[in-house]
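Chains, contacts and geometry: an overview
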Amino acid sequence: MRNIKNLNLKNKIFLAPMEEINDISFRLLCKKAGCGLTYTGMINPLSKKEIFLDDNPALQLFCTSTKGIKEFVKEYDKKVSLWDLNLGCPAKTARKHGFGSYLRDLKIIEDILKVMRENTKKPLTLKMRKSKFSFEILKIADKYCDAVCIHPRTQDQGYSGEPDLNFAEEIKSKTKLPIIYSGNVNEKNFKHLLEKFDYVMIGREAIGRPEIFSKISGTKFEKSFGEYIKLAKKYKLPFRQIKLQAMNFTKCKKDSRKLRLEIFKIKNLEELEKIKF
């Protein structure tokens, strides 16, 4: 296995960056369940929102220029395990503003990575999709990064269809950097994927299921939405976020549809805390 710089990780299974899902409370539960490294959702370096990093995560940036990066990295560098640049988001907002998988100007990508590299000694990675630009981006990553994450679906595929495993293997063959594989990773296939790649990250399979990391790592963990609420209160997360996660936590529960209908009608945290699941 190729190591990511000097990172000391307990295993090779990561929580993939997911917008809206990866709040601090959920990340802490995943870490407690045995996740090797948690990723934040996308954060813009010009953001003024309060950021909680008590899980020592990989912090993922999205941007279309170097503006604000130096100051942002300096402010949070001591609290993160590594820095990551998002070049893979296929969402409509990414298309509208030209970030994620829609950032195709190789010079701007290099400028961003260069500024990130100049302002941290922590590991630096990027996350990208399958595209005609992938191998050019890889050459830039070789100059500045300590690892590359590949999600081998195209921008048009979004999160549907099958990931192109052969393409991901071709990416790995073209670099000496560690490769983090993303795309349909689950309890059944992670061992097979780790025979091909250095690390894997779990995304949608972990939504509402922090225990997936417990099942994979063998870490003792008892799933409890009550524990999520306790953490959410500590970090003063908004009710709409807690309610979103409540919906997610019904996954695989008996009578999950009935539970979701109950949760949908709830208007405040006091009512939500009365539901046991």
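Quick note: structure is the one above.
Attention in this report is confined to the structure presented alongside it.

About the thresholds
Residues numbered from 1 in each chain as written. Predicted model: local features only at pLDDT ≥ 70, side-chain atom pairs only at ≥ 80, totals over all residues. Heavy atoms only, no water. Core = buried A, V, L, I, M, F, W, Y, C linked by side-chain atoms within 4.5 Å. Buried < 20%, exposed > 50% of the residue type's maximum accessible area, 1.4 Å probe, protein only. Contact = heavy atoms within 4.5 Å. Helix = DSSP H or I, 4+ residues; strand = E, 2+ residues; numbered from the N terminus. Polar contact = N/O pair within 3.5 Å; in protein donor to acceptor, adjacent residues only side chain to side chain.

Ranked by size, the top nonpolar core spans 77 residues in total, and within it Trp 83, Leu 113, Leu 126 and Phe 213 carry the most contacts. If near-sequence neighbours (up to four positions away) are discounted, Phe 213 is found in contact with Ile 13, Phe 14, Leu 15, Cys 30, Ala 33, Gly 34, Cys 35, Ile 202, Ala 206 and Gly 218. Among the nonpolar cores identified, the runner-up in size contains twelve residues, and Ala 16, Ala 147, Cys 149 and Met 201 belong to it.

The subject of this paragraph is the side chain of Asp 198. Summarising the element assignment, Asp 198 is placed in the loop between helix H7 (190-194) and strand E8 (199-202). Under the relative-accessibility criterion, Asp 198 is labelled buried at 5%. In this structure the side chain of Asp 198 is engaged in a polar contact, spanning 2.9 Å, whose partner is the side chain of Lys 172.

A few words on unusual backbone geometry. Here Asn 56, not a glycine, exhibits a phi torsion of approximately 50°, which is positive. By the element assignment, Asn 56 lies in the loop between strand E2 (37-43) and strand E3 (58-61). Judged by its relative accessible area of 31%, Asn 56 falls in the partly exposed class. Despite not being glycine, Lys 236 shows a phi value in the positive range, around 55°. Relative to the helices and strands, Lys 236 resides in the loop between helix H9 (225-234) and helix H10 (239-249). Exposure remark for Lys 236: the relative accessible area of 74% places this residue in the exposed category.

The quantities given are spatial measurements derived from coordinates; they are silent on function.
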